Amino acid sequence: AARRGVEYVLNRTRGYGASDNGLDSATLIQGKLGPNIDLYLSVVLFSQVLGTLPTTYEQKEVQALLARMSRVISSHQKKSGAFETSYEPMLTTVMAFLALRQTHDAGVSVRGASATKVLRYLERDCLNKRTGAFTEAKWNKAVRFVTQAGALRVFHGMGKADTRIGKLATDVILKMRF
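Overview of the structure. (Residues numbered from 1 in each chain as written. Predicted model: local features only at pLDDT ≥ 70, side-chain atom pairs only at ≥ 80, totals over all residues. Heavy atoms only, no water.)

### Thoughts on the overall build of the protein chain
Now for step 1: When helices and strands are tallied, the protein chain shows eight helices and two strands.
Now for step 2: Reading the protein chain from its N terminus to its C terminus gives the helix and strand order α-α-α-α-α-α-β-β-α-α.
Now for step 3: Against the compact-globule benchmark of 16 Å for 178 residues, the protein chain has a radius of gyration of 17 Å, which places it among compact chains.
Now for step 4: Along the first, second and third principal axes, the C-alpha set of the protein chain runs to 50 × 35 × 30 Å.
Now for step 5: Burial analysis of the protein chain (178 residues in total) assigns 45% to the buried set.
Now for step 6: At a minimum sequence separation of 6, the contacts of the protein chain that also span at least 24 residues come to 65%.
Now for step 7: Summing over all exposed atoms, the protein chain offers an accessible surface of approximately 9600 Å²; the carbon and sulfur share of this is 55%. (Helix = DSSP H or I, 4+ residues; strand = E, 2+ residues; numbered from the N terminus. Rg over C-alpha atoms; globule rule 2.2 N^0.38 Å. Buried < 20%, exposed > 50% of the residue type's maximum accessible area, 1.4 Å probe, protein only. Contact = heavy atoms within 4.5 Å. Areas by Shrake-Rupley, 256 points an atom, 1.4 Å probe, with all protein chains shown as cover.)

Now the structure itself:
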C-alpha cells in the first residue's frame, strides 16, 4: 500500500517545474495552508523515501524532483522569514521549513531559503517570550497545540530545544489539556 501511495504521488509530480504548472489547485488543504502545501507535502514524502526506491532510475528521478521542488519552495520565503500568505501562516512556514530541512537531510542541496530566518520569524512574530507560547494575531493570540508543536519542531531542528525559550515552549505543551 505504501509503495502504491509513493507511485501515485510520483506520477502526479513527474515533470514538476518543467513548466509553470503547479500540482493541484483550489483543494481544501490549499485553502487552509496555502496554494503550495501539496508541494511541501510531496517533498516531505520524497525526502523520506529517497534511498528506498526499487530502481536507480527512480532514485535519480526523485532526487531531481526534490532539487526542482526545493528551489520553488525556497522562492516563496519572504524577507520576514515566513513563507507564502495563508489562512495558517505559522503552519505554512513550519511545513515549508520541514520540507526544505528534510530535503537537505536526504542529501539534496537546498539553496535560496534561510532556516535562520524561519527561526527569527517565529521568535519575533509568534513567540510570547514571557510564557513560551507561540501564537498568531490571526487566531486572537490563542495558544493552540498545532502551532505550538510546529514551532517546537523548528526549535528542535535548529538546536534550540534546550534554550530557556525552548524549555518554556515545551512546558506550554506539557501543561495543555485536551
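Having seen the model, we can carry on.
### Topic: the nonpolar core
Now for step 1: Residues Y40, F46, I73, L122 and F134 are the most contacted members of the largest nonpolar core, which totals 46 residues.
Now for step 2: Sorting the residues of this core by element identifies helix 1 (2-13), helix 3 (37-49), helix 4 (56-75), helix 5 (89-105), helix 6 (115-126), helix 7 (145-157) and helix 8 (164-174) as the ones contributing at least two each.
Now for step 3: Apart from the residues lying within four places of it in its own chain, the contact partners of Y40 are I73, H76, F83, E84, T92, M95, A96 and A99. (Core = buried A, V, L, I, M, F, W, Y, C linked by side-chain atoms within 4.5 Å.)

### Some points on unusual backbone geometry
Now for step 1: Notably, N140 is not glycine yet its phi reads approximately 55°, a positive angle.
Now for step 2: Position of N140 relative to the elements: it lies in the loop between strand 2 (133-134) and helix 7.
Now for step 3: Residue N140 is classed as exposed on the basis of its relative accessible area, which comes to 72%.
Now for step 4: Phi is positive for K141, close to 60°, though the residue is something other than glycine.

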